[in-house]
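# Architecture and fold: a report
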Amino acid sequence: MRNILFVVACLPALAFGLAVRPCANNAPIPQDVRVVGCTVEPCVIPIGGMVDMDCDFVSPRASQTARATLDIFLGDFRVPYDLPADQTNACNFFEAGSCPVTAGEFINYHLSTPAAAPFAGITVDLQLQLTDDNDQPLFCFRSSAQIVAV
């Protein structure tokens, strides 16, 4: 009986991802964001480690392409960082769905990228956004991460 209660108690942790915050541009947020090793903000990320996440969303409109950007903020200051060039074409990282994207299509986007930061011991805001052909957001969200030394 205790094992059944333990499994029932763990189900919400398995079914729900990270609670994320909307971006200032009022873009749709994903239905679910799952980050490996993180269930609450701030996610603890070792400097030089990998950020591995899945985002489930329903496309608000059709688009031939999808472009990914990841911005890092320390307060209001944008830390100079860009996703590696091969990761900006989000279509290459759709686990479910494909480009061209259709309106109402369910998409699972998978991002696995190195945690590059100039120094450890800080908490930053991460903003991940996918945009369409017209540079309009398909989704955008913010979450916080604590960068720690290895």
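Naming follows an unreviewed UniProt entry, where the protein chain appears as MD-2-related lipid-recognition domain-containing protein of Anopheles merus. Recorded in UniProt under Sequence similarities (unreviewed entry), the annotation for the protein chain is "Belongs to the NPC2 family." Regarding the protein chain, the UniProt comment filed under Subcellular location (unreviewed entry) reads as follows: "Secreted".

On to the state of the cysteines, then. The final tally for this structure, using the stated rule, is 3 disulfides. Between the sulfur atoms of C38 and its disulfide partner C43 the distance amounts to 2.0 Å. The disulfide joining C38 to C43 has a torsion of about -85 degrees about its S-S bond and is therefore left-handed. Across the pair, C43 and C38 agree in class, each one buried. Note that C91 is cross-linked by a disulfide to C99, the S-S spacing being 1.8 Å. A torsion of -70 degrees about the S-S bond marks the disulfide between C91 and C99 as left-handed.

Attention now goes to unusual backbone geometry. Going from E41 to P42, the amide bond is cis rather than trans, its omega being -10 degrees. Structurally, P42 is set in the loop between β1 (32-35) and β2 (43-46). Positive phi outside glycine occurs at N26, with the angle close to 60 degrees. Mapped onto the fold, N26 is located in the loop between α1 (2-15) and β1. Its relative accessible area of 70% is what places N26 among the exposed residues. If you check the backbone angles, D135 has positive phi at about 65 degrees while not being a glycine.

Moving on, we come to the sheet that holds strand β5 (residues 77-79). Pairing in this open sheet of 5 strands is mixed, and the strands run β2-β9-β8-β4-β5 from one edge to the other. If you trace the sheet from one side to the other, it starts and ends with β2 and β5, each paired once. Strand after strand, the sheet turns through a mean of 40 degrees between neighbouring axes, direction not considered. As judged from the 3 bridges shared by strand β4 (residues 67-74) and β5, these two strands associate in the antiparallel manner. If you follow I72 over to β5, its bridge partner there is V79.

Our focus in this paragraph is the nonpolar core. Residues Y109, L128 and L130 are the most contacted members of the largest nonpolar core, which totals 36 residues. Sorting the residues of this core by element identifies β1, β2, β3 (50-58), β4, β7 (106-114), β8 (122-131) and β9 (137-148) as the ones contributing at least two each. Excluding its chain neighbours within four sequence positions, the residues that come into contact with Y109 are M53, D54, C55, F57, A68, Q87, A90, F93, F94, L128, L130 and F139.

Another aspect to go through is empty space enclosed by the protein. Where empty space is left in the structure can be found by rolling a water-sized probe over the atoms. Summed over all chains, the structure comprises 2 cavities of 30 Å³ or more. Reported here for the largest cavity is a volume of approximately 150 Å³. Considering the residues around the largest cavity, the lining is formed by 16 residues, among which I72, A115, A116, L126 and I147 are closest to the centre. For the lining of the largest cavity, the secondary-structure elements that each account for two or more residues are β4, β7 and β8. At 3 residues, the largest contribution of residues to the lining of the largest cavity is made by β8. Partitioned by chemical class, the residues of the lining of the largest cavity number 15 nonpolar, 1 polar and no charged. Lining the second largest cavity, in full, are L18, V33, V35, C43, I45, V51, M53, L126, F141, S143, S144 and A145. At 4 residues, β9 tops the list of elements feeding residues into the lining of the second largest cavity.

Here is what the cut-offs are and how they apply
Along every chain, residues carry numbers that run from 1 in the direction the sequence is written. Predicted model: local features are reported for residues with pLDDT of at least 70 only, side-chain atom pairs are reported and counted for 80 or more only, and whole-chain, interface and lining totals are derived from all residues. Here the side-chain values reflect all heavy atoms present in the structure, with hydrogen atoms and water set aside. UniProt positions are given in the numbering used here, feature names are shortened, and annotations may be inferred rather than shown by experiment. The definition used for a disulfide is geometric: two cysteine sulfur atoms within 2.5 Å. Here the term buried applies to any residue with accessible area under 20% of the maximum for its type, exposed to any over 50%, and partly exposed to those in between, with areas from a 1.4 Å probe on protein chains only. In this description a helix means any DSSP run of H or I spanning at least four residues, a strand means any run of E spanning at least two, and both kinds are numbered starting from the N terminus. Strands are labelled as partners when DSSP assigns at least two bridges between them. Helix axes are fitted to C-alpha atoms over the stretch in contact, other axes to C-alpha atoms as well, and angles between N-to-C directions run from 0 to 180 degrees. By nonpolar core we mean a set of buried residues, namely Ala, Val, Leu, Ile, Met, Phe, Trp, Tyr and Cys, connected to one another through side-chain atoms within 4.5 Å. Note on contacts: a residue pair qualifies if any of its non-hydrogen atoms lie within 4.5 Å across the two residues. A 1.4 Å probe that fits but cannot get out identifies a cavity on a 1 Å grid over protein atoms alone, an open set with protein on both sides within 12 Å along at least five of seven lines counts as a pocket, and a residue lines either if it has an atom within 4 Å of a point. Grid points are joined across faces, edges and corners, and a volume is the space filled by probe spheres set on the points. Think of it as three bins: nonpolar holds Ala, Val, Leu, Ile, Met, Phe, Trp, Tyr, Cys and Pro, charged holds Asp, Glu, Lys and Arg, and polar takes everything else, Gly as well.

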